[in-house]
Amino acid sequence: MSNSSVEARVKNIIAEQFGVKAESLKPETSFMKDLMAESIDTVELIAAIEEEFNVEIPDEDAEKNQTVGQVIDYMRKRLTEKGH
Amino acid sequence: MKLCIFEDGRFSDLYPLTYTRPVFDLRCGRTRLYEKIVRNLPGVGTTFFMRGHLEPVFKDRLDGTVNELDALSGDDVLFVNGRVLALKGTIMPPGDEVAALKGDEIAYIYAKRETVSKLIGSSIDELLGRLKAQLSQLSTSVDLIGHPWDLVRNNPKAIVDDFESIGRRGVFGKMSPKAEIYGDAEKVHVAETAEVHPFVVLDTHSGPIMIDEKTKVLPFSRIEGPCSIGSGSMIVRGNVREEVSIGPMCRIGGEIEASIVHGYSNKYHTGFLGHAYVGEWVNIGALTTNSDLKNDYSTVDVYINGNLYDTGDTKVGSFIGDHTKLGIGCLLNTGTMVGVGCNLLGGEVLPKYIPSFTWFARGRISRGSGFRRTVDAERRVMLRRDVDMAPSHVQMLQNIYDETREERENLIKRGRGRSISEA
């Protein structure tokens, strides 16, 4: 799977979750500061990404990813490990 | 003679309650439908037929064989539809072979050993179809439960029937001298290990009250008959109005009227529940309330299997599947259907249909935390009542998750479209 494809898919999920346009999401966009994420958003977002990429994301990994860019990097790494 | 209790093809008309149980496991009154059937025929061996994915969960809970066609051979058999409301004396083995129908539906069939052996075929549906076609038919007036609200509608007479079946009347448990039976004292059954605390009123003017073993009714509760409270349950400052059945291990407070709580569910706080059926492992938060009467007093429509269905009743509440959690201040509209494993946040009137394994929050339906985390949370919930979630239970939930995927995804997409266009 190409890096740009992972980025687009992650951004689309985040955009749907927060009701914003995917183009407005930057690597440094923070879930807490910029998107005003509450715990319910975080839980839903993790579940949506897990379902989209068919991976299991441990809670401790999820807590480390606080920006859009961090999530994209994390997913690229996980998919590489998975052999995509 | 042998007894066979079977599910027919209408189990889905009783969704969401029958996603997680065979139709005959539904509660109406103190007991479940199959318990009433079996009670009519004491000492008769029973074979149950249910959907295959429920078998691993229920085969250890039921006293009898499950989904074994061969178990029906070698004796005369009374086949009883699991949706029959078998009040005392309604199901008796007739002398001659007969297919008793309600409309076109089988209520029960009595067949001799030779006939069963001749027509047995390869499935229970095939056998029943052949028996129905070949035996003489009669029309019966026995009640068949067709939809969830039929359970609520029939609950009062089922409670009275259960009370008469218990036989023993009076207070056998610990009842405070400061508690009051208001009405006929012969219309109560307080079991040996039950406790009725001070400042409790048991009002039997409209029907009997049964309080089962290890149940506690805490101070300032008022209970009106007909009512049944299952073993190990607790009534916490409850205003329990007429026609309520509460299963085992529930915590009930606030106002509840004409409703059935299947078991192992909590409605601890203030808030109204009326003309509703609540499944197992449900938690209802403080101030959560359901409507059971429309402002124009017209009959209530309910979504079943994707279609809006007129119940023909003006008093219809909500129907809530197992493992669903309702947060504080949820407002459920008249005739609301909530699936299995949902998580609903309050503050507004909820949609009338919420598919299984979804969340509803801030005006939209979502996938929530997904299947794995939902199951993890429910495992913790069950352990609080010392129940392990068996692998067969997880597999049953997975099957429901898969079965409901399409409707869930469709409604999530529709909800997202609405929220984006409104934004």
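Residues numbered from 1 in each chain as written. Chains lettered and ligands numbered in written order. Predicted model: local features only at pLDDT ≥ 70, side-chain atom pairs only at ≥ 80, totals over all residues.

**As for the interface of chain B and chain A**
And step 1. Each partner contributes residues to the interface: chain B has 12 residues there, and chain A has 9 residues.
And step 2. Residue assignment for the side of chain B that touches chain A shows that the elements contributing at least two residues are strand 37 (359–361), helix 6 (370–383) and helix 8 (405–422) of chain B.
And step 3. Sorting elements by how many residues they give to the side of chain B that touches chain A places helix 8 of chain B first, with 3 residues. (Contact = placed C-beta atoms within 7 Å. Helix = DSSP H or I, 4+ residues; strand = E, 2+ residues; numbered from the N terminus.)

**Examining the sheet that holds strand 13 (residues 188–190) of chain B**
Residue and element names in this part refer to chain B.
And step 1. The strand order across the open sheet built from 10 strands is 10-13-16-19-21-23-26-31-34-36, with neighbouring strands paired in parallel fashion. Bordering the open sheet on either side are strand 10 (170–171) and strand 36 (353–354), each of which pairs with just one other strand.
And step 2. Here strand 13 runs beside strand 16 (residues 209–211); their pairing, made up of 3 bridges, is parallel. Residue pairing for strand 16: V188 is matched across the bridge by I209. (Pairing = 2+ DSSP bridges.)

**Considering the sheet that holds strand 4 (residues 46–49) of chain B**
Think of a sheet as strands paired side by side through backbone hydrogen bonds, with each pair either parallel or antiparallel.
Residue and element names in this part refer to chain B.
And step 1. Strand order in this open sheet of 7 strands is 5-4-1-6-8-7-9, and the pairing throughout is mixed. Strand pairing shows two members of the sheet lacking a second neighbour, strand 5 (65–66) and strand 9 (137–139), which therefore form its edges.
And step 2. In the sheet, strand 1 (residues 2–6) pairs with strand 4 via 4 bridges, with the strands oriented parallel. Bridge pairing links I5 to F48 in strand 4.

**Some details on the environment of A258 of chain B**
Residue and element names in this part refer to chain B.
And step 1. Looking at the element boundaries, A258 is found in the loop between strand 22 (251–257) and strand 23 (260–263).
And step 2. With 20 C-beta atoms counted inside 10 Å, the residue A258 sits in the buried group.
And step 3. With 102 residues separating them along the chain, A258 and P156 place their C-alpha atoms 8.1 Å apart. (Buried ≥ 20, exposed ≤ 12 C-beta atoms within 10 Å, placed from the backbone.)

**Let's talk about unusual backbone geometry**
Residue and element names in this part refer to chain B.
And step 1. A cis amide bond links Y15 to the next residue, P16, at an omega of 5°.
And step 2. For P16, the location among the structural elements is in the loop between strand 1 and strand 2 (27–28).
And step 3. Cis geometry marks the peptide bond from G225 to P226; its omega dihedral reads -5°.
And step 4. Checked against the element boundaries, P226 lands in the loop between strand 18 (222–224) and strand 19 (227–229).
And step 5. Positive phi is not limited to glycine here, since F199 has a value of about 60°.
And step 6. Given 14 C-beta atoms within a 10 Å radius, F199 is considered partly exposed.

**As for the domain arrangement of chain B**
Residue and element names in this part refer to chain B.
And step 1. In terms of domain boundaries, chain B breaks down into domain 1 (2–146) and domain 2 (150–422).
And step 2. Each of domain 1 and domain 2 has a C-alpha centre, and the two are 27 Å apart.
And step 3. On the domain 2 side, the residues contacting the 24 residues of domain 1 number 35 residues.
And step 4. Residues belonging to the side of domain 1 that touches domain 2 are distributed by class as follows: 12 nonpolar, 6 polar and 6 charged. (Domains from an automatic or database assignment. Nonpolar A, V, L, I, M, F, W, Y, C, P; charged D, E, K, R; others polar.)

**Details of helix 4 (residues 68–82) of chain A**
Residues and elements named next belong to chain A.
And step 1. For helix 4, spanning 15 residues, the distance from its first C-alpha to its last is 21 Å, which sits close to the expected 21 Å at 1.5 Å a residue.
And step 2. Those residues of helix 4 that sit buried are V68, V71, I72 and M75. The arc that holds every buried residue of helix 4, seen down its axis, measures 100°, which confines them to one face. The exposed residues of helix 4 that point more than 90 degrees off its buried face are K77, T80 and E81.
And step 3. In the segment just after helix 4, G83 is the residue with positive phi, at about 95°. (Expected span 1.5 Å × (residues − 1). Arc of directions from axis to C-beta.)

**Observations concerning the confidence of the model for chain B**
Residue and element names in this part refer to chain B.
And step 1. When pLDDT is averaged along chain B, the result is 95, and 98% of the positions lie at 70 or above.
And step 2. pLDDT under 50 marks residues 417–423. Its contacts with residues more than four places away, or in other chains, come to 5 contacts.
And step 3. As scored by the predictor, the complex reaches a pTM of 0.92 and an ipTM of 0.76. (pLDDT = per-residue confidence, 0-100.)

**Some details on helix 6 of chain B**
Residues and elements named next belong to chain B.
And step 1. Taking 1.5 Å of rise per residue, 14 residues should cover 20 Å, and helix 6 covers 20 Å from first to last C-alpha, within 8% of that figure.
And step 2. Within the span of helix 6, buried status applies to F371, T374 and E378. Projection of helix 6 onto a plane perpendicular to its axis shows the buried side chains occupying an angular sector of 65°, all on one side. Away from the buried face of helix 6 by more than 90 degrees, exposed residues D376, R380 and L383 are located.
And step 3. Of the surrounding secondary structure, the elements contacted by the buried residues of helix 6 are helix 7 (391–403).

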